[in-house]
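Observations on the three-dimensional arrangement
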Amino acid sequence: PDYIEIDGAQQFAYVMDYGALQRVGLTTGDRVTISSRSVGSGPTIPAGRGLTLDNARGYAYVPDENGRVYRISLTRGVRSLVTDRTTGSGPSPSSMRAAAYDPRTDRILVANRGGAELIEVDPTTGVRTLMAAPASSPANPLVNCFAMDLSPDGRQLFAVDNGFNAVMVIDRTRRDRVVLAK
C-alpha cells in the first residue's frame, strides 16, 4: 500500500495500492477492495499518487502521475475523472501527487508538476487554480511536495517537501509559506 486515509467516523482506513482502493476495518482488520481494474466501473487508474477523502459525500480523490484527478465512490467503487488536460481549465496538470480535500471550500488540493506547485481543483467542474508556484517564494521553494494535510480549520496546508527536505506551512488566504522544520 502507498497511501492511507482514515474516514471521519474512524471506522475504516482507506488504502491506495497503485490503482486499487481498499477499505480496512480499524477494529477487525477486514480488507475489501472497493475499486480496481476488475472491481467497480469507470476509467482505470494507472497508479494513484495520493489519496484524500470527502467523508460527507462518500468519495475518495486520487491524483495520478499523468495529471489526472479521479473520484471514487466509497460505496459503489464507481470511478470518474474530475480533471485532466482536457477536463476543466487552469494551470496545465502534470505529474500530480499528494492530495488533501477541504470540505469548507469544496476543493481538492493537489501537488502538481512533480510537487513543484500546488493547485486547488473544483471537484464539480474540474477547474484548477494555482495556489503556490515554485518561483513565488525563492526563500522557501517548492521542489518536490510529496505529502500534505490541512490544519483542522482549513486555513493552513502542511506540506512535506522531500526535495527541499522540509515541512512547510502555507497560509491558504495570504498564500505565504514558511519552513516549519528543516
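As a starting point, this report considers the structure included with it. (Residues numbered from 1 in each chain as written. Predicted model: local features only at pLDDT ≥ 70, side-chain atom pairs only at ≥ 80, totals over all residues. Heavy atoms only, no water.)

Brief notes about the overall build of the protein chain
Let me state the cut-off plainly: Strands are runs of DSSP state E lasting at least 2 residues, helices are runs of H or I lasting at least 4, and numbering of each runs from the N terminus. Based on C-alpha atoms, the radius of gyration is set beside the globule rule, defined as 2.2 Å times the residue count to the power 0.38. Under this rule, positive means Lys or Arg and negative means Asp or Glu; His and the chain ends count for nothing. Taken as the charge centre is NZ of Lys, CZ of Arg, CG of Asp or CD of Glu, depending on the residue.
Summing up its helical and strand segments, the protein chain has zero helices and 16 strands in all. On C-alpha atoms alone, the protein chain measures out to a radius of gyration of 16 Å, which is about the 16 Å that the 2.2 N^0.38 rule sets for 182 residues. Once the C-alpha set of the protein chain is aligned to its principal axes, its extents read approximately 45 × 40 × 30 Å. Each charge class in the protein chain can be summarised by its mean position, and for the 21 positive and 19 negative side chains these summaries are 4 Å apart.

Quick notes on the sheet that holds strand E11 (residues 117-121)
The following threshold applies: DSSP bridges decide pairing: two strands pair if at least two such bridges lie between them. Only the stretch in contact is used when a helix axis is fitted, and all axes are lines through C-alpha atoms; the angle between N-to-C directions ranges over 0 to 180 degrees.
Reading across the sheet, the four strands line up as E9-E10-E11-E12 and stay open at both edges, with antiparallel pairing between neighbours. Each end of this open sheet is capped by a strand with a single partner; those strands are strand E9 (97-102) and strand E12 (128-132). Between one strand axis and the next, the sheet turns by 25° as a mean value, whatever way the strands run. Where E9 and strand E10 (residues 107-112) come together, five bridges link them in antiparallel fashion. Bridge pairing in E10 links Ala99 to Val110.

Some thoughts on the packing of aromatic side chains
Inclusion rule: Pairing of aromatic rings covers Phe, Tyr and the six-membered ring of Trp, with a centre-to-centre limit of 6.5 Å; geometry is then stacked below 30 degrees between planes, edge-to-face above 60, and tilted otherwise. The rule for a charge over a ring is simple: NZ of Lys or CZ of Arg within 6 Å of the ring centre, and within 35 degrees of the ring normal.
A full pass over the atoms with the stated rule returns three aromatic pairs. Each residue in the set Tyr59, Tyr61 and Tyr101 is aromatic and connected to the rest through ring pairs, giving one cluster. The ring of Tyr59 has Arg71 sitting right over it, with the charged end atom 5.4 Å from the ring centre. We note Lys182 situated over the ring of Phe164; from NZ or CZ to the ring centre the distance is 3.8 Å.

Quick word on the pairing of E11
How we decide: Each residue is assigned to one of three classes by its accessible area relative to the maximum for its type, calculated with a 1.4 Å probe on protein chains only: buried under 20%, partly exposed between the two thresholds, exposed over 50%.
Of all five residues making up E11, five are buried, and the element is well covered by its neighbours. A two-sided burial pattern is seen for E11, the buried positions comprising Glu117, Ile119 and Val121 on one face and Leu118 and Glu120 on the other. Where E10 lies against E11, five bridges are found, and the strand directions are antiparallel. Across the sheet, Val110 pairs through a bridge with Ile119, a residue of E11. Remark: four residues form the turn of the hairpin made by E10 and E11, two consecutive strands paired antiparallel; Arg113 in that turn has positive phi of roughly 55°. Both E11 and E12 contribute to a ladder of four bridges, which runs antiparallel. Paired with Val121 across the strands is Arg128, a residue of E12. In textbook terms, the turn of a hairpin is the stretch between consecutive antiparallel strands, and for E11 and E12 this stretch comprises six residues, one of which, Gly126, has a positive phi near 80°.

Here we look at the sheet that holds strand E5 (residues 52-54)
Strand order in the open sheet made by the four strands is E5-E6-E7-E8, with antiparallel pairing throughout. Of all the strands in the sheet, just E5 and strand E8 (79-83) have a single pairing partner and so form its edges. Taking the axes of each pair of neighbouring strands and ignoring which way they run, one obtains an average angle of 30° across the sheet. Where strand E6 (residues 59-63) and strand E7 (residues 69-73) come together, five bridges link them in antiparallel fashion. Residue pairing in the sheet places Tyr61 in a bridge with Arg71 of E7.

Keep in mind these values describe shape, not function.
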